[in-house]
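So you can see what is in the structure, the chains are spelled out below.
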Amino acid sequence: SSLCFRRKVPSLAMPRLFVVANRLPVTLTLGDGEITAVPSSGGLVSAMKGVGNEYGTPIWIGWPGTGVPSERHQECREQLPENYIPVFLTKEEVEQFYTGYSNSSLWPILHSMSTYARIKSTWLESYKVINKRFADMVVASTGEGDMVWVHDYHLFLVPQLVKEARPDLKVAFFLHTPFPPVEIWRILPSADQLLRGVLGSDLIGFHTQNYQRQFRSCVQRLLGLETTLRWVNVTTSLGMGHRAHMETFPIGANVADLHSAMQGDEFQQYLSAYTKQFEGKALVLSVERLDYSKGLPQRLKSIHQYLHNARAELKRLEEEDPNSRPPAIPEKHGVWSRLTKRFFGRPEKPVWSAENTVFLFITIPSRLDVDEYRAIEEDVHKQMSITNGEFSTPFNVPLVYIHRSVSPPELVALYARADMCLVTPLVDGMNLVAKEYIACKDPENRNSVPGTVVLSTFAGAAAEMFDALLVNPYDYDEVAEAIREGLELSMEKRQQLTTKMREFLCANDAVAWANKLLGTLDAVTPTPELLPRSGGVPPLAPAVAGRLAAGTPGLKAVILNLDDTLQEAEAAGEILPEVVDLLSRLAAREDLYVMLISGRTQQFLSQYLGHLPMALAAEHGYKVKYRGDTEWHLLDPLVTTEWIDDVRPMMQMYRDFSPGSTLEEKESAIVFQYVQCDADSGESEFAYYKGRELAHALLQSVANLPVRVTHARFLVECASSSVDKGCVISDLLTRETFSEFFVVGDDVADEPMFQRAPPGAATVKVGVSPTVARYRVSCPAELREFLELVLCVHEDGHETPRTVRLLEALNHRQQGGESFHSAYGGEGHSRGASMRKSTSKSEHNPCDPLDFLGESEERD
C-alpha cells in the first residue's frame, strides 16, 4: 500500500510546517538499475526556502512526478531527502486524476472557459480517491501542533478530510488560479462537495479580492452559508462546525532567485550577446506556457494589427516626406536617440515597424496529450507563419518562436534587454512573468534597458502593477495601440515607471508572500467547536434525556425556540404538523413544563399552539401566556413602541431596493426579512449585503432610542431593548421551582436565555456559531430526534427497539458521547438540589453595540 510509509513526526515545541502540493520539488526518473531525483524549480519551492526560522525546514508531501511500481516504492523513498514524503500514483491514476479531472475539468472551469471543460464520473471518483490518499498521508505524518499548507485545485478535498481526522491541526489552503463566478462554478456536478472540501481549512488564501468575493458568493448561494468579508461559519458532516477565515495574499516573484541568476558570468555573456544581436531594434518579449487561457492566438492578432498600423504610418510619412522613412538597418543601436518627443506633430524618430521590431515568444510545452492544447499549438503556428510571411524582410523577421524552456541566466538576460514585456492572458490567477520582468530591470546594470509592460486587465497582477499599460486582450486595436505607446515612451519615463514598480515588487516577493500567509495562519485560533469533544462545546449526549425522563423526580422545564431550532427556517409560514405533534406529546406529560419562546406574533402562536397545555412567549418575550393562563399579558408593561414610526421609512426603503425581501411589523418590533429571496438569481446575496448595510444605518439612527438592532440569519430586526428572551427565563423562575432545566436556541437572540438559566441547566445551541451554551446539536432534525428519545423513554422504556433505534441514530450522528444506558440505568438518578425560585435577574455580560448586529454571530 502507498500508505505503509508512516513518517510520524513527534510533537515538538516548535510547530512543523507541512507543504502539501500535487508535486514534490523533485522529479524521479527510473532507470534499469537506479533511480535519480532531479530538482525542479518554481515559485513555491523558492518561497518555502525563505520562510521564517520559526517553522523549521518545510516537510513536503506530493507526487514524485512519475509512475513507480509498488515494489520500488521503498527504493524511491530512500533517494528522496528526509523532508520529502512521496504520494505514489499509478499511470492510470495520473491520467484520470491529473490529466483528466484536474486539468480537463477543473482548470477550464476555474478560468471561466467552460467550453473547454470535459467532465467524466470516473475522473471525479479518481480525484476523490487521490485526495483521500493525500489526506491520509498528512494525518499519518503530522504531530500535535503542526501546521499544514495545502496548495491548489488538485487537492480541493484535502482540507476537510484532514480537519475531520485531526481537528487540532492548523490547515491553510491557497488557490493559485482564479476562482470563477457562481454561474460558471456550478457547472461542475461536484461543485458543492469541492467547496466544502476547501472550507475545511482554517485559512483560505486567494490572489485577489475579486477571486475571494466570487468564492464567497458560491459559498452563500450554493451552500446557503452566510459569510462576512473574511470568514465563513461551516457545519461539518459530523454535525460539528468551525470558522474558515479568508484572506487575499498576492504571490510575488522569486526575486532572490532572479537576482542570483543575474550575478553570474553566464548572465553577462547572454546579455552582451542580446545587446549586440538586437542593436537598433525594439525587442518585445512574451513568456508563457502554451495554454488556451494565456490568449496567444489573440495576442498574435494584436501584433498583426500593430504591424499593419506601423506599415500604414510609414506609408503616410513617406507620402508627406520621402526622406522621412528610416533606414531598414539602422547604423547604430540608436534606440535612445530615436525615442524622442514629437515636435510640431511630426516625429523626429523612425516608426517602430516590422523592419526594426522583434516579438520574441518563449512558449513552454504544456499538456500536449490534451486535444485542446494541441489545437492551440496548431493555431499559434499557423498565425505566426501568416504574419511572418506578410511582414518579414531580408533584414528582419518580426516573430521569433522558441518552443522550449530556457535556462534562468538566459531568461533573465532577455528580461533585462527587452524593451517591452507583452503579457495578455485571457484570464490568469496572477502571472508572475510581468513581475519577473520588472524585477530584472536593475538600474545598476549598464546593459539593462528600461522597459514597459503591456498587461491584461484579466491577470491578477493588474491589481498590483499600477504603472503597467492595462489592456483588454480581446480588443486587438487597444493592444496594438498600447504596444506603440509603450515603445515610444522616452527612456526617462520608462525608467521612472519601472523604478516605482520594482521597489514595490521586490519588497513583496514570494518569500514575503509565504511569510505573510503563514503568519496569518499561526495567528488563527482553531474554533472550539472543532476541537476534540473533551473541550469546546460538546454535542448533546443522549444521556441528558435521562434527566427529563418521567422517573426523574420534580417538575422539569423544557424551554424551546421554533425557527431553526425545532424546525428548519424554510417552513417560515407555518408550524410543521410533526412539530405540533411533538410539542403536543411533550406538553401532555404533567412532569414537563413546556414553553415555546419565539419571535413569532401572539396571533401566529395562538393559531397553531394555543390549544396545547404549554406556555407561550411571543415576539421574544414581549407578550407571554404561562401554562394555565387564559389570556396573554405584557411581560413588561413599561415597554414603549413609539420608535417604530421613526425606523419604518428607512426599513421600507431597503425592502423596496432588495427584490424578494419583505417587511414584517409586529407589536414590539419591525423585521426586514430575506429568507425568501431567490438564491439562484443572486437576490439573497444582494439582500444579505443590504441587510448588513441596513443594520449599520439603523444602529446609528437609533442610538438615543430604547431599541436593539439584530442582524441574524436572513433578517434584520429592530426591537425594544428592554425585551429579550432572558427576561422570560428570569420571570419564569420567580413563578415555578424546577428540578431540571432544559433550554434550546439557535441564534444571538437566544443567548440571553442561556445566560439567565439556573446553574446546572442543560443549555443547548443549535448550529455552529459561538455560544455560552453547554451543549450543541447540529440541526433541528437532531434536536427532534433527542426529544423523541425523551418521549420514548417515558412511553416505552429505554430497552425497547424504538429506543435503541433512536440511540443508534443519535450516536451515529454525533460519532460518540456518553452512553445513555450507563447514565440512566442506575437508580437514584437525581440532580440533588432543586432549582429554586429566584427573585433576582441574572445580569447580561457587557457587550459592544455592534454585538447586536449579525456581528454578534461573527465574533472572532
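This is a predicted model, so every value here is computed, not measured.

Chemist: Would you mind showing me how to read the confidence of the model for the chain here?
Modeler: The predicted structure's coordinates, where accompanied by low pLDDT, should not be read in detail. Put simply, the chain has an average pLDDT of 83, and 82% of its residues get 70 or more. Under a pLDDT of 50 for its full length, residues 815–860 has, in the predicted model, 108 contacts with residues more than four places off or in other chains.

Chemist: Got a minute to help me understand the sheet that holds strand β19 (residues 615–618) in this structure?
Modeler: Note: strands within a sheet are paired through backbone hydrogen bonds, in either parallel or antiparallel orientation. Ordered by their spatial adjacency, eight strands build an open sheet running β21-β20-β19-β18-β17-β26-β27-β28, and the pairing between neighbours is mixed. Among the strands making up the open sheet, the edge pair consists of β21 (633–634) and β28 (775–777). Taken together, the two bridges between strand β20 (residues 623–625) and β21 define a ladder with antiparallel strand orientation. The residue bridging Lys623 from the neighbouring strand is Leu634, located in β21. The sheet contacts of helix α20 (residues 602–609) involve β18 (592–597), β19 and β20, and relative to β19 the element is tilted by about 155°.

Chemist: Hey, could you run me through the sheet that holds strand β12 (residues 357–364) in this one?
Modeler: Spatially, β13-β12-β11-β14-β15-β16 is the arrangement adopted by the six strands of the open sheet, whose pairing is parallel. Each edge of the sheet is formed by a strand with only one pairing partner; in this case those strands are β13 (399–402) and β16 (469–471). Strand after strand, the sheet turns through a mean of 20° between neighbouring axes, direction not considered. Summarising the sheet, strand β11 (residues 282–289) and strand β14 (residues 420–423) pair through two bridges and their orientation is parallel. Residue pairing across strands places Leu285 opposite Cys421, the latter belonging to β14. Each of β11, β12, β14, β15 (452–456) and β16 is contacted by helix α16 (residues 476–487), which is oriented at about 170° to β16, the strand it contacts most.

Chemist: Looking at this structure, how should I read the pattern of salt bridges?
Modeler: Where charged atoms of side chains with opposite charge meet at close range, the side chains can pair. Inspection of every chain in the model, using the stated rule, returns 36 salt bridges. Across the pair Glu740 and Arg547 runs a salt bridge, and its minimum N-O distance is 3.0 Å. Here Glu740, found in strand β26 (residues 740–745), pairs with Arg547, found in the loop between α18 (510–523) and β17 (556–560); they are 193 residues apart in sequence, far enough to count as distant.

Chemist: Explanation requested: the environment of Tyr689 in the structure shown.
Modeler: As for its placement among the helices and strands, Tyr689 is situated in helix α22 (residues 683–701). Since its relative accessible area comes to 28%, Tyr689 is described here as partly exposed. Put simply, Tyr689 and Thr228 are 461 residues apart on the chain and 9.3 Å apart in space, counted from C-alpha to C-alpha. Every residue in contact with Tyr689, bar those within four places of it in the chain, is listed here: Arg216 and Gln220.

Chemist: So what exactly am I meant to see when it comes to the packing of helix α15 (residues 432–439) against helix α17 (residues 491–507) here?
Modeler: Angle between the axes and distance between the axes are the two parameters that describe a pair of packed helices. Running from N to C, α15 and α17 cross one another at 110°; their axes reach a closest spacing of 9 Å. Taken together, the axes of α15 and α17 lie roughly perpendicular to each other. In the packing of α15 onto α17, the handedness of the crossing is left-handed. Between α15 and α17, the residues in contact are Lys435, Ile438 and Ala439 and Thr498, Met501, Arg502 and Leu505, respectively. Classifying every residue of the contact of α15 with α17 by side-chain character gives four nonpolar, one polar and two charged.

Chemist: Would you mind going over the environment of Val449 with me for this structure?
Modeler: By secondary structure assignment, the location of Val449 is in the loop between α15 and β15. Look at Val449 and you get buried, because its relative accessible area is 4%. Residues Val449 and Arg417, 32 residues apart in the sequence, show an inter-C-alpha distance of 5.2 Å.

Chemist: In this structure, what is going on with the nonpolar core? I would like to understand it.
Modeler: If you look at soluble globular proteins, the nonpolar side chains tend to sit buried side by side. One finds Phe156, Trp185, Leu199 and Phe215 to be the most contacted residues of the largest nonpolar core, which totals 90 residues. Residue contacts for Phe215: discarding those within four places in its chain leaves Phe179, Leu195, Val198, Leu199, Ile204, Phe206 and Met246.

Chemist: Quick question: what am I supposed to make of α20 here?
Modeler: Residues lying three or four places apart along an α-helix face the same way, a consequence of the helix completing one turn every 3.6 residues. When α20 is considered as a whole, its buried residues turn out to be Gln602, Phe604, Leu605 and Leu609. In a view along the axis of α20, the buried residues occupy a sector of 165°, so they form one face of it. Turned more than 90 degrees off the buried face of α20, the exposed positions are Gln603 and Gln607. Residues of α20 that are buried make contact with α19 (577–587), β18, β19 and β20.

Chemist: For this particular structure, what's the right way to read the packing of aromatic side chains?
Modeler: The relative placement of two aromatic rings is captured by the distance of their centres and the angle of their planes. Applying the stated rule across the entire model yields 24 aromatic pairs. Aromatic side chains Tyr274 and Phe278 sit 6.4 Å apart centroid to centroid with 40° between the ring planes, which places their arrangement in the tilted category. Overall, the relative accessible area of 7% leaves Phe278 in the buried class. Members of the aromatic cluster, each reached through a chain of ring pairs, are Phe156, Phe173, Phe179, Trp185, Phe206 and Phe215. Over the ring of Trp231 we find Arg243; its NZ or CZ atom is 3.8 Å from the centre of that ring. Lying over the aromatic face of Phe604, Arg600 brings its terminal NZ or CZ to 4.2 Å of the ring centre.

The rules behind each value
Residues numbered from 1 in each chain as written. Predicted model: local features only at pLDDT ≥ 70, side-chain atom pairs only at ≥ 80, totals over all residues. Heavy atoms only, no water. pLDDT = per-residue confidence, 0-100. Contact = heavy atoms within 4.5 Å. Pairing = 2+ DSSP bridges. Helix = DSSP H or I, 4+ residues; strand = E, 2+ residues; numbered from the N terminus. Axes fitted to C-alpha atoms, helices over the stretch in contact; angles between N-to-C directions. Salt bridge = Lys/Arg side-chain N within 4 Å of Asp/Glu carboxyl O. Buried < 20%, exposed > 50% of the residue type's maximum accessible area, 1.4 Å probe, protein only. Parallel < 35°, antiparallel > 145°, perpendicular 65-115°, else oblique. Left-handed = near helix turned anticlockwise from the far one by under 90°. Nonpolar A, V, L, I, M, F, W, Y, C, P; charged D, E, K, R; others polar. Core = buried A, V, L, I, M, F, W, Y, C linked by side-chain atoms within 4.5 Å. Arc of directions from axis to C-beta. Phe/Tyr/Trp six-rings, centres within 6.5 Å; stacked < 30°, edge-to-face > 60°. Lys NZ or Arg CZ within 6 Å of the ring centre and 35° of its normal.

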